[in-house]
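Secondary and tertiary structure notes
The lines below spell out each chain.
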Amino acid sequence: TLESLAKDSAPSVRRNAAKSLASLIAPIEDIRTAAEAGQFDEVFSQLHSLGIDPGDVRVRNLAVFGSLTIQTHPSGAGVEAIRVGPGARLDTFNALCLGRTPVTARLMVAGEYLIRLKAEGAGSLEMLARVEPDKSLQLERALLPLGKDWDGLVRVEGTDTIPAFLIDRYEVTNAQFARFVASGGYRHASLWGRQFVDRTGTPGPRGWSRGSYPEGRENHPVTGVSWNEAKAYARWAGRELPTLIQWRRAAVGDSDFAFPWGDDIQNVEARANFTIKGTSPVGSYPLGVSPYGCYDMIGNVGEWLRDPGTNSGYLVAGGSWQDPSYMLDRSPVEAFESDAGEWIGFRTVKNLR
């Protein structure tokens, strides 16, 4: 061994062996020091930079590891985990391939991971997982089958009081709403109590022109739609607007976190659109994804709900691009039917029998 060479060999051999031994010991000591200080990101970075497996006898007993178990329906989904580093940035190291569900990773460095699930014949799903030292995190998710009826939806598991339901992964986009308009969705708009038209007098959202959304904004959420217009789209799609209870469950699940991603308010700009510059394409903030795989539930646009307000109008949830970030955790606000500005959009739900 290097240690015996350092003791028993000629001086030049002993010096080289001692240097080699020191080069192996020093990184382990650095890792142990970081572990004792609770610097989990530093431990993760050093392990991967040095190519040290968490199961290595020199590190596996450090108090920095937790376990993660994932089950999916259907089973057999491939699982990748990408470390979320300081400042809410995806790690520069390659994704960790954890195998196929059901799968348990027993030695994961504590911290936040973006989990990607993909099963043959089913849609993909992304979610965040927070591994804690000496604790076991167990996640169970359903991947919807491929097909028109399931496109763009994710499943939210129910509770004793809330039945399971499906909800849009993204806010309804301009391109999606344009199909509703083209199909004659505004043909009987007079039945809503008024005729809604765009800036040129053509039936459509108020921010459009000649019945069309602004160029290059097909993947931005549709805005400037009243509650009636949002409800009409949902009915056309065979769905409904979410209730406040459904919206909250899709946003934070069983957790007591303030936001879909947890309690991190220091890195809001990396997790949600509060830029004060306008809407972003849906899904632009993967590190703000909810526990069930919904994007932009905080920021980008506020979202119409099915619930009426206490006096009039209907509730809007989630905050928008024009709100200050400190209002992230505010309760949904009341919005009147006529107050459908460029900060309000919506998503839909499909109730399960």
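What you see is a predicted model, and the numbers here were worked out from it, not measured in a lab.

Moving on: the confidence of the model for the protein chain. If pLDDT is low for a region, its predicted coordinates should not be looked at in detail. Confidence in the prediction of the protein chain, expressed as mean pLDDT, is 86, and 87% of residues score 70 or more. Averaged pLDDT values for the elements of the protein chain fall to 50 in helix 1 (residues 2–8) and rise to 97 in strand 10 (residues 165–168). The low-confidence segment residues 17–24 (pLDDT under 50) makes 10 contacts with residues lying over four places distant or belonging to another chain.

Pairing in this open sheet of 3 strands is mixed, and the strands run 5-1-8 from one edge to the other. On the outer flanks of this sheet lie strand 5 (103–109) and strand 8 (136–142), each paired with one strand and no other. Strand-to-strand twist of the sheet, defined as the mean angle between neighbouring strand axes without regard to direction, takes the value 20°. Bridge count for strand 1 (residues 65–73) against strand 8 is 7 bridges, and the pairing is parallel.

In this section: the side chain of T173. By the secondary structure assignment, T173 is in the loop between strand 10 and helix 4 (174–182). By relative accessible area, T173 is classed as buried at 7%. Once residues within four sequence positions are removed from consideration, T173 is found in contact with E218, N219, H220, P221, V222 and V282.

Across all of its chains, the model carries 13 salt bridges by this definition. The salt bridge involving R155 is made with E157; its shortest N-O contact spans 2.8 Å. Note on R155: relative accessible area 27%, which makes it partly exposed. Among the ionic pairs, R306 bridges to E240, the shortest N-O distance being 3.5 Å. One end of the pair, R306, is in strand 11 (residues 302–308); the other, E240, is in the loop between helix 5 (227–236) and helix 6 (244–252), with 66 residues separating them in the sequence. Under the relative-accessibility criterion, R306 is labelled partly exposed at 29%. The exposure class assigned to E240 is partly exposed, which follows from its relative accessible area of 33%. Taken together, the shared-partner salt bridges in this structure form one network comprising E112, R130, D264 and R271.

Before going further, it helps to examine unusual backbone geometry. Of note, the bond from H73 into P74 is cis; its omega dihedral lies within 30 degrees of zero at 0°. As for its position among the elements, P74 is in the loop between strand 1 and strand 2 (78–85). Here the residue pair T101 and P102 is connected by a cis peptide bond, since its omega of 0° sits within 30 degrees of zero. Here P102 lies in the loop between strand 4 (96–100) and strand 5. Phi is positive for R210, close to 55°, though the residue is something other than glycine.

For any pair of aromatic rings, geometry is given as the distance between the ring centres together with the angle between the planes. Summed over the entire model, instances satisfying the criterion amount to 16 aromatic pairs. A centroid spacing of 6.2 Å and a plane angle of 70° characterise the contact between F44 and F93, whose relative ring orientation is edge-to-face. Note that F44 is positioned in helix 3 (residues 40–50) and F93 in the loop between strand 3 (89–90) and strand 4, a separation of 49 residues in sequence. A centroid spacing of 3.6 Å and a plane angle of 5° characterise the contact between W227 and Y314, whose relative ring orientation is stacked. Residue W227 is found in helix 5, and its partner Y314 is found in strand 12 (residues 314–317); the two are separated by 87 residues along the sequence. Counting every residue linked through ring pairs, the aromatic cluster contains F177, F180, Y186, W208, Y213, Y233, W236 and F346. The ring of F257 has R130 lying over it, and the distance from NZ or CZ to the ring centre is 4.9 Å.

Scoring rules and cut-offs
Residues numbered from 1 in each chain as written. Predicted model: local features only at pLDDT ≥ 70, side-chain atom pairs only at ≥ 80, totals over all residues. Heavy atoms only, no water. pLDDT = per-residue confidence, 0-100. Helix = DSSP H or I, 4+ residues; strand = E, 2+ residues; numbered from the N terminus. Contact = heavy atoms within 4.5 Å. Pairing = 2+ DSSP bridges. Axes fitted to C-alpha atoms, helices over the stretch in contact; angles between N-to-C directions. Buried < 20%, exposed > 50% of the residue type's maximum accessible area, 1.4 Å probe, protein only. Salt bridge = Lys/Arg side-chain N within 4 Å of Asp/Glu carboxyl O. Phe/Tyr/Trp six-rings, centres within 6.5 Å; stacked < 30°, edge-to-face > 60°. Lys NZ or Arg CZ within 6 Å of the ring centre and 35° of its normal.

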